[in-house]
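For reference, the chains in residue letters:
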Amino acid sequence: MANKVFGPKLFKNLGFHVRRLNSAPSPFSAVPPLNFTGDFNAVPNLVEPTPQINNTTTHHPHINNNIINFNDVKELFYGVPTTKLIRSSLTLQMAAIEPMVDLGMWVMNSKLMEMPVFRDVMLGFVKNTFYEHFCAGKDLTEVRRTVMNLSDSGLKAMLDYGVEHATENESCEQSTTAFIQTIESTKSLPQSSASFVVVKITAICTPRLLKRMSDLLRWEQKDPSLNLPWKRRTLPLFAESSPVYHTWEKPEPLTVEEERDLELAHERLKKICEKCLEHDVPLLIDAEDSTIQPAIDYFAYSAAIKYHKDDQPLIFGTIQAYLKDAKERMVMAKKAAENMGVPMGFKLVRGAYMCSEKALASSLGFNSPIHDSIEQTHACFNSCAEFMIEEIANGSGAVVLATHNIESGKLAATKAIDLGIKNERQSLQFAQLYGMADGLSFGLRNAGFQVSKYLPFGPVEQIMHYLMRRAEENRGMLSTSAFDRQLMRKELSRRLEVATS
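Residues numbered from 1 in each chain as written. Predicted model: local features only at pLDDT ≥ 70, side-chain atom pairs only at ≥ 80, totals over all residues. Heavy atoms only, no water.

J.: Mind showing me how you'd approach the side chain of R350 here?
T.: Assignment of secondary structure puts R350 in the loop between β9 (345-349) and α11 (354-363). At a separation of 3.0 Å, a polar atom in the side chain of R350 contacts the side chain of H378. (Helix = DSSP H or I, 4+ residues; strand = E, 2+ residues; numbered from the N terminus. Polar contact = N/O pair within 3.5 Å; in protein donor to acceptor, adjacent residues only side chain to side chain.)

This is how it looks when you write it as structure tokens:
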């Protein structure tokens, strides 16, 4: 069994929204390296009220509501074909119907999928609806067309080849080859149209080894005298408030075989980083759940120390703001990097492992590491964003604000303009999932900011189960989808009126 492949982070604020991190292994076979003959915030699973199309509905004292204009839908959706608006509106409407989610989950887990004819019909339906709306394509040829369309509309692309959770070195090597091919594909794209290539460490280092490393790193946090001979130079991985309850007793040292596998993983990441330097495209490393996140941060930070472009970061780690220790860890890592003369970049998201994190902590008799309310998560995200924007204003670091939350977008944009950060600065970028929060993406674009779309891609049969799992896990988050549908209907009504007048 090789890799588990998934697609988007996409059905998150939707019944079919995404967050691309870990989940159960896919029943499908592994995805081979990309075929060049044929050549993307996550938010917590809590319900929020649907925003209204009114620039003055938010009354936060630090927000300039005129920065993002949602009232002028003609300007908002300029360049978007009417057929795409209709299709997107219908797809998002279907995705918001909970019985459809229930039926899809039942069908996908039933023996009906073992019938070739039925399976082909289902795959065809998904491909022509949800897959085409939320995914960039099955291979790099289709991805290129999607990137070109985004570029024409003033948006950038974050290329996310949907593979994770390798099980042995062979599948890790396959993943590395696929990531390198993705990086190389950026040379055939319009200049600067690809803002990032996304990598999941679980695809180049097995989760089992990441868990072993994380346990040892946690124990070192408890007992600094612990000797980890394999540990390279890195940034702080824990704060005083960071949970370490995952590791109850002193772990055994890595075996000779495990240390060898770790060196192979470092070598794979080295190849990926060097290829990113060669093609001048930053690397974004995704987050996972707290069981293995310390090891993922270790890989991200040790690579960031070694690989960067003069005073610009090459490697971006991910901070999940729904964790209570998120800001403390981010500030510690940022300040440590600054003291070392290392430019550090972060992607800031809200998070996507709320249920599993709470369940694990509860089973061990500890309080949840997740904020107690959605408001606290929003406040943490906004505080982290404010900190990084202030750092950027002082000429240090870079951040990608991956959010579908309109207030967070307005707050960050207001702060950036107040501090005199030029909109074209590459050090501050916004990002949303492909097929989600288009109103916010276009609004930020029209305000002059750099905006990217997360583009998951891969064969439909590999991505389908991932989408259905995300639909089940995140069915409560429909607010951004509803807001997008309102905007789209308003623009379609305007175009209809113009066409019939």
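J.: Help me out: how do you make sense of the state of the cysteines in this one?
T.: Formally, a disulfide is one covalent bond, and it connects the sulfur atom of one cysteine to the sulfur atom of another. The tally for this structure, following the rule as stated, stands at zero disulfides. We note that C172 lacks a disulfide partner, and the nearest cysteine sulfur, in C205, lies 6.5 Å from it. Since its relative accessible area comes to 1%, C172 is described here as buried. The cysteine C273 is free of any disulfide, with C276 supplying the nearest cysteine sulfur at 6.4 Å. (Disulfide = S-S within 2.5 Å. Buried < 20%, exposed > 50% of the residue type's maximum accessible area, 1.4 Å probe, protein only.)

J.: What is the right way to read the environment of F366 from this model?
T.: Mapped onto the secondary structure, F366 falls in the loop between α11 and α12 (374-393). A relative accessible area of 36% means that F366 is categorised as partly exposed. Expressed as a C-alpha distance, the spacing of F366 and Y245, which sit 121 residues apart in the sequence, is 7.6 Å. Setting aside residues up to four positions removed in sequence, F366 forms contacts with Y245, W248 and A361. (Contact = heavy atoms within 4.5 Å.)

J.: In this structure, what is going on with the packing of aromatic side chains? I would like to understand it.
T.: Centre distance and the angle of the planes are the two values used to describe a pair of aromatic rings. Following the criterion strictly, the structure yields ten aromatic pairs and no others. Arranged with centres 5.0 Å apart and planes meeting at 25 degrees, the rings of Y245 and F366 form a pair that is stacked. Of the two residues, Y245 is situated in the loop between α7 (207-222) and α8 (256-279) and F366 in the loop between α11 and α12; the sequence distance between them amounts to 121 residues. According to the relative accessible area criterion, Y245 is buried, its value standing at 7%. Consider the rings of Y298 and F299, whose centres lie 5.8 Å apart with planes at 65 degrees: the pair is edge-to-face. Exposure class is identical for Y298 and F299. Each is buried. Here the aromatic residues W230, Y298 and F299 are joined through ring pairs into a cluster of three or more. When the ring centre of F381 is taken as reference, the NZ or CZ atom of R350 above it lies at 4.3 Å. (Phe/Tyr/Trp six-rings, centres within 6.5 Å; stacked < 30°, edge-to-face > 60°. Lys NZ or Arg CZ within 6 Å of the ring centre and 35° of its normal.)

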